[in-house]
Amino acid sequence: MSTRDHVVAVGEYLALIAARSGFRDYRVIWNDPANAALRRKRTNPQSLAPGDLVKVPVLEEPAFARATDQVHRIVAAGGPILLHFRLDDQSRKPFATRAGKLTVGGRNATGAFVVRGPIDRTTGGDGELDVTVGGEPVEGEFVIAPTTAADGSSGATFRFLVGQLEPVDTPRGMRARLTNLGYFAGASDDDDDQLAWAFEEFQCDEKIPKKQRGFTPGDRKKMLPTWNALAKRHGDMLPGEELTE
Amino acid sequence: MLDPVAGGSVGAFPGSRALSIAPTDVDQEHNTLRAPLRPIASWELADHHFAFDSSFILPSMTEDLAELVMLVRANPESPLAIFGHADPTGDAGYNKLLSGRRATALFAVLTRRVDLWTQLFQNPMGRDDWKKDDLAGRLMRGVVEPGGTSPALTLFQRYMDAIAVDQDRAAFTVAPASFLGRGADPKGRGDFQGCGEFNPLRVFSIAEATTFRSPANKEARDEANAVNRRVTVFLFSRGTRIDLAAWPCPRAGEGIGRCQKRLWSDAGVRRANAARRREQPADRDTFACRFYDRLNEAVGHHQAIRQLTFRVLDEFGDLVVDTVVFLKVGEATLPAKVGGDGLATFRVPADATEAVLQIGRDQIDVDIAPLPPVTTVAGVQQRLFNLGFLAGAIDGAAGPRTREAIIAFQEEVNEDGVAIPVSGDPADPALQRELVRAHGS
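**Considerations on the side chain of B:Asn199**
Residues and elements named next belong to chain B.
1) Next: For Asn199, the location among the structural elements is in the loop between strand S5 (192-194) and strand S6 (202-203).
2) Next: With relative accessibility at 1%, the residue Asn199 sits in the buried group.
3) Next: From its side chain, Asn199 meets the backbone nitrogen of Ala288 in a polar contact 3.4 Å long.
4) Next: Excluding anything up to four places from it in sequence, Asn199 contacts His85, Arg230, Thr286, Phe287, Ala288, Cys289 and Tyr292.

**Points about the packing of aromatic side chains**
Residue and element names in this part refer to chain B.
1) Next: Inspection of every chain in the model, using the stated rule, returns 24 aromatic pairs over all chains.
2) Next: With a centroid separation of 5.4 Å and an interplanar angle of 85°, the aromatic rings of Phe389 and Phe409 are classed as edge-to-face. Separated by 20 residues along the polypeptide, Phe389 in the loop between helix H11 (377-386) and helix H12 (400-415) and Phe409 in helix H12 bring together distant segments of the chain.
3) Next: Grouping aromatic residues by their ring pairs yields a cluster made of Phe56, Trp117, Phe121, Trp130, Phe156 and Tyr159.
4) Next: Lying across the ring of Phe121, Lys131 places its NZ or CZ 5.0 Å from the centre.

**A closer look at the pairing of strand S13 (residues 354-359) of chain B**
Residue and element names in this part refer to chain B.
1) Next: Here strand S10 (residues 323-329) pairs with S13 via three bridges, running antiparallel. Bridging across to S13, Lys328 finds its partner in Val356.
2) Next: The turn linking S13 back onto strand S14 (residues 362-367) is made up of two residues, and Gly360 within it adopts a positive phi angle of 60°.

**Details of empty space enclosed by the protein**
1) Next: On inspection of all chains with the given rule, the structure shows two cavities of 30 Å³ or more.
2) Next: Approximately 120 Å³ is the volume attributed to the largest cavity.
3) Next: At the level of secondary structure, the elements contributing two or more residues to the lining of the largest cavity comprise helix H8 (257-260) and helix H10 (290-298) of chain B.
4) Next: The residue inventory of the lining of the largest cavity, partitioned by class, reads 10 nonpolar, two polar and two charged.
5) Next: Here the second largest cavity is characterised by a volume of approximately 80 Å³.
6) Next: Around the second largest cavity, the lining comprises 13 residues; the ones closest to its centre are A:Thr43, A:Asn44, A:Pro167, A:Val168 and A:Arg177.
7) Next: Of the residues belonging to the lining of the second largest cavity, the class tally is five nonpolar, three polar and five charged.

**Observations concerning the sheet that holds strand S4 (residues 99-107) of chain A**
1) Next: Taken in spatial order, the five strands of this open sheet run S5(A)-S4(A)-S7(A)-S8(A)-S1(B), and their pairing is mixed. Each edge of the open sheet carries a strand with a single partner, namely strand S5 (113-122) of chain A together with strand S1 (19-21) of chain B. Neighbouring strand axes in the sheet, compared pairwise and without regard to direction, differ in orientation by 25° on average.
2) Next: Pairing geometry for S4(A) and S5(A), over eight bridges, is antiparallel. Considered in S5(A), the bridge of A:Arg107 is made with A:Phe113.

**Digging into the sheet that holds strand S7 (residues 230-236) of chain B**
Residue and element names in this part refer to chain B.
1) Next: If you trace the four strands from one edge of the open sheet to the other, you get S3-S7-S4-S5, paired in mixed fashion. The outermost strands of the open sheet, each flanked by one partner alone, are strand S3 (39-46) and S5. Neighbour-to-neighbour, the strand axes of the sheet open up by a mean angle of 20°, direction not taken into account.
2) Next: In this structure, strand S4 (residues 80-85) lies alongside S7, joined through six bridges in antiparallel fashion. Each residue of the ladder has a partner; that of Gly84, found in S7, is Val231.
3) Next: Sheet contacts for helix H2 (residues 92-111): S3, S4, S5 and S7; angle to S5, the most-contacted strand, approximately 160°.

**A few points about the nonpolar core**
1) Next: Grouped together as the largest cluster of nonpolar side chains are 64 residues, with contacts concentrated most on B:Ile82, B:Leu106, B:Leu110, B:Trp117 and B:Phe346.
2) Next: When residues of this core are assigned to their parent elements, the largest contribution, seven residues, is made by H2(B).
3) Next: Counting contributing residues, this core receives three or more from each of domain 1 (39-298) and domain 2 (305-367) of chain B.
4) Next: Formed by 35 residues, the second largest nonpolar core is a distinct cluster that contains A:Leu14, A:Phe85, A:Leu87 and A:Phe95.

**Some thoughts on the domain arrangement of chain B**
1) Next: Structurally, chain B comprises domain 1 (39-298), domain 2 (305-367) and domain 3 (377-439).
2) Next: Taking only C-alpha atoms into account, the centre of domain 2 of chain B sits 23 Å from that of domain 3 of chain B.

**As for the side chain of B:Thr24**
1) Next: Of note, B:Thr24 is situated in the loop between S1 and strand S2 (31-34).
2) Next: Given a relative accessible area of 5%, B:Thr24 falls into the buried group.
3) Next: Within the structure, the side chain of B:Thr24 is placed 3.0 Å from the backbone nitrogen of B:Val26, a separation counted as a polar contact.
4) Next: Other than its neighbours up to four places away in sequence, B:Thr24 contacts A:Gln46, A:Leu82, A:His84 and B:Glu29.

**Notes on the domain arrangement of chain A**
1) Next: Split by domain assignment, chain A resolves into domain 1 (3-66), domain 2 (81-161) and domain 3 (171-234).
2) Next: Between the C-alpha centres of domain 2 of chain A and domain 3 of chain A there is a distance of 25 Å.

What counts, and where the lines are drawn
Residues numbered from 1 in each chain as written. Chains lettered and ligands numbered in written order. Predicted model: local features only at pLDDT ≥ 70, side-chain atom pairs only at ≥ 80, totals over all residues. Heavy atoms only, no water. Helix = DSSP H or I, 4+ residues; strand = E, 2+ residues; numbered from the N terminus. Buried < 20%, exposed > 50% of the residue type's maximum accessible area, 1.4 Å probe, protein only. Polar contact = N/O pair within 3.5 Å; in protein donor to acceptor, adjacent residues only side chain to side chain. Contact = heavy atoms within 4.5 Å. Phe/Tyr/Trp six-rings, centres within 6.5 Å; stacked < 30°, edge-to-face > 60°. Lys NZ or Arg CZ within 6 Å of the ring centre and 35° of its normal. Pairing = 2+ DSSP bridges. 1 Å grid on protein atoms, 1.4 Å probe; cavity = no way out; pocket = protein on both sides within 12 Å on 5 of 7 lines; lining within 4 Å. Points joined across faces, edges and corners; volume = space filled by probe spheres on them. Nonpolar A, V, L, I, M, F, W, Y, C, P; charged D, E, K, R; others polar. Axes fitted to C-alpha atoms, helices over the stretch in contact; angles between N-to-C directions. Core = buried A, V, L, I, M, F, W, Y, C linked by side-chain atoms within 4.5 Å. Domains from an automatic or database assignment.

Set out below in structure tokens:
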């Protein structure tokens, strides 16, 4: 099958690119032989870097356009988007079975920005929260109110941007995961000092071997154990998906 | 399944910075989001409010305590934690304990734990001997001797009630449950602690350190070190709870062992004298403790703090005086007492761009941006807007509404006895002069 080139933009992930290109399953694109280089470079198809090149197979004309009846409906080709969270409190313990309010904003089939919520959701026993969203989710928030009892527990507000988690071996990807994990990694994209200090904290917490500590973005080999530990702790990398040289 | 419905717009979620996440359809994959331990505001108590070399709190602390209670009351769901600091002169272990004793003394006065003061009094440590202080001695002498505890407790209690008063001179207390450790640990874990000498605001240059080593210069050294001897209170993000077992700081009465495990890898460099004097917030490299340094960075202390001053007028244009007004910046609500001059001053992080000023029941949105010069139309408009004469947009174009507002202002200036032409002209120098006077800038 022939392919066309798609250059990834900020906020794009493969499930979104697939949906917009008429694929219900992004794996058709990911597993296409034309994307072998992309698969070697990136471990998670939903965590791509702006500028990455995706080869999108060119579909034949969709069936509904050839239909002979007069009813022409726009069929959203993409499936729903799934968002999986693990939510921890300030002590790094899960927000277990806690009630919260979820709000998600995104684009509907006509491209209009719409907001849904707040709706009541309760986290699971490990702080997990699974959300299924139609359309193209862009941003959202989940608000856990503090409990007021004498032995009450924390509240928190998690605001999130969907599809902006870039690969762990990119500056924005490192900062985003460290920030998600509660480390202070600096407020701006070019604050390398704070990023380095956040890595020192992370490496200490994760007991990364002394020889592999430090922040040496130019030394890929030395950073690999830290990057893999970071993506695994964050949850977007599973065992067997580790970055290699 | 959540299907988007109509309403809202991008950026509909105010508050803290958004986190970046990746969607996934793989079962075990997820995005871990941790609520950060994040202070939203801080308060600091200077060295001179303690007796010399002592943890005894002097009556001069009253005004600062009134500010603290305003801050605590304005942010009732934000737990607080106290961090004492010593200067780096002398022994690290001693300094840790002294800073812990000062933190303890402050916690005790806020919570009326008279027993903690009694312990400090009865257990002097080195130069920190309350019996040597006239006032503390008078409060305690003879009455904490065996058999005579209750009069001493009464005197300490009365002294605490006298110095911990709010701006209406009413005695206040802060409940132990309002602290980060919720008062759960009898020895204050998470509620109050001493950082010792590990987190100074100022590190001397090599030249200064050499000079100060001479005994003749001890007084000058102690004075230059005064900024380092302080007690800091952080207010944490609303509803924050901590796991006491995982809290990194040792208790106020414990040694430096656990502190040393938390030092940055370059702590030696951070603490050493260098070619030039280094200071917070400019240099950002004087705190040796990783944990404290990060708390401090997250609260925005590293940024130059900007001072905002408002003159508060009521709807009749009269000064509002002797009240408390509030400025909401981010999650924090900052209080400020309006003095007889009608001025309220706030210290906000330099990167804050918007805030809400709350005067009684009125809420006023404030854009924090440089005020355009009065010689520009926008500068005239902004001042007229702030003074309540102009309701329209600040667009830099002198339209009919701007002219009307200028005329209304000029007429009022004339009514107040300053004769200026009623020109309606933004370029009128007399108008500009009077606008700057009325606006205060």
